[in-house]
Amino acid sequence: MTDINALIDRLPKAELHLHLEGSLEPELMFELANRNGIEIPFKSLDDVRAAYEFANLQEFLDIYYVGMNVLITEQDFFDLTWAYLERAHADTVRHVEVFFDPQGHTDRGVALETVMAGICRALDKAEADWGLTSKLILCFLRHLSEEAAFETLEQARPYLERIEAVGLDSSELGHPPSKFERVFAAAAKLGLKRVAHAGEEGPPAYVYEALDLLKIDRLDHGNRALEDLALVERLAGEGMTFTVCPLSNLKLCGVSDLREHPLKRMLELGLKVTVNSDDPAYFGGYVNENFKQTAHAVGLSQAEVIELARNSFTGSFLSAQDIRKHLTEIEAVTQTA
Ligand code: ADE
Ligand code: ZN
């Protein structure tokens, strides 16, 4: 097992499912609350940790939206993003494709300009300092209306050069992908790629909708697709990349024990799976911790761990040339392991 841990520590990888606002560690939450004079419903770090017990996605989201209220200034968004990038760099992450939730900020009166400036300054610094590259994914909050999503897309027009894709997140049940068919089509017309959370808590029908109506390029979570064999065959045949988040699934009770996590089964079914951390400040681990705990719990082989790392690049939105470069680095690392 330590062999596997050492391999995971050394393997170059990409992270494809990370909500920047979900990387807000309690310590930084307190610091920003003080800096900005914002009230938060926690008195101490212990208070915060005690609150991070979730029975489902909605219980988490209720706290996640409270946490992000402390983000006000450009410097706050820089600090948030930089703290995540430092963790990613320490985990041998070479490329990130990160989500952000503009509506979680603009609806509180924080300008999109402020959000973009802080996030992009940190992303640019990581590339300059370490060669850690990145792409940004603008998510629509699915519990809000499609009209609100259209407004957000309109506000984002000045920043389209910096935005690679649109995504769909927040409360899945009761908010199927079909609700956002038109705004995803509009995003496609603007040249943006498309991803969506589907099958995290929602049924396989939501995954079909994400494929057929939103025309997604990548599937976020997708766990419940396993309930439909024809869907599994289709997703395997299409080579669809799944961004799976094991510790998130555990914390949000998608699985009751990590040993029951379907990651290994997904690989065996021929699905192109990746491992990611989702909201690491809330779910107890960054990407290497997700790899290690899952590898241990479900018994991943070294070859499977390497396949997961390779998938993270081949499933990214990097150019073919950049993907080749990263795969070559993986090969070099595994040959000297
Ligand atoms: N927003 C942040 N994390 C999320 C998750 N795991 N599912 C849906 N929306 C989210
Ligand atoms: Zn997510």
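Residues numbered from 1 in each chain as written. Chains lettered and ligands numbered in written order. Predicted model: local features only at pLDDT ≥ 70, side-chain atom pairs only at ≥ 80, totals over all residues. Heavy atoms only, no water.

Section: the site of ligand 1
1) Next: Residues in contact with ligand 1, as listed here, are H19, L57, F60, L61, Y64, D169, S170, H197, E200, H221, D278 and D279.
2) Next: Here a nitrogen atom of ligand 1 sits 2.8 Å away from a polar atom, N or O, in the main chain of S170.
3) Next: D278 is positioned with one of its side-chain polar atoms (N or O) 2.8 Å from a nitrogen atom of ligand 1.
4) Next: For the shell around ligand 1, the element with the most residues is helix α4 (residues 57–67), which contributes four residues. (Near = heavy atom within 4 Å. Polar contact = N/O pair within 3.5 Å; in protein donor to acceptor, adjacent residues only side chain to side chain. Helix = DSSP H or I, 4+ residues; strand = E, 2+ residues; numbered from the N terminus.)

Examining the side chain of E97
1) Next: Within the secondary structure, E97 is located in strand β2 (residues 93–100).
2) Next: On the basis of relative accessibility, which here comes to 0%, the residue E97 falls in the buried class.
3) Next: At a separation of 2.8 Å, a polar atom in the side chain of E97 contacts the main-chain amide nitrogen of F317. (Buried < 20%, exposed > 50% of the residue type's maximum accessible area, 1.4 Å probe, protein only.)

Regarding the sheet that holds strand β6 (residues 218–221)
1) Next: Ordered in space as β1-β2-β3-β4-β5-β6-β7-β8, the eight strands form an open sheet in which the pairing is parallel. Two strands bound the open sheet, and with one partner strand each, they are β1 (13–15) and β8 (272–275). Direction aside, the axes of adjacent strands within the sheet are offset by 25° on average.
2) Next: Bridge count for β6 against strand β7 (residues 241–244) is two bridges, and the pairing is parallel. (Pairing = 2+ DSSP bridges. Axes fitted to C-alpha atoms, helices over the stretch in contact; angles between N-to-C directions.)

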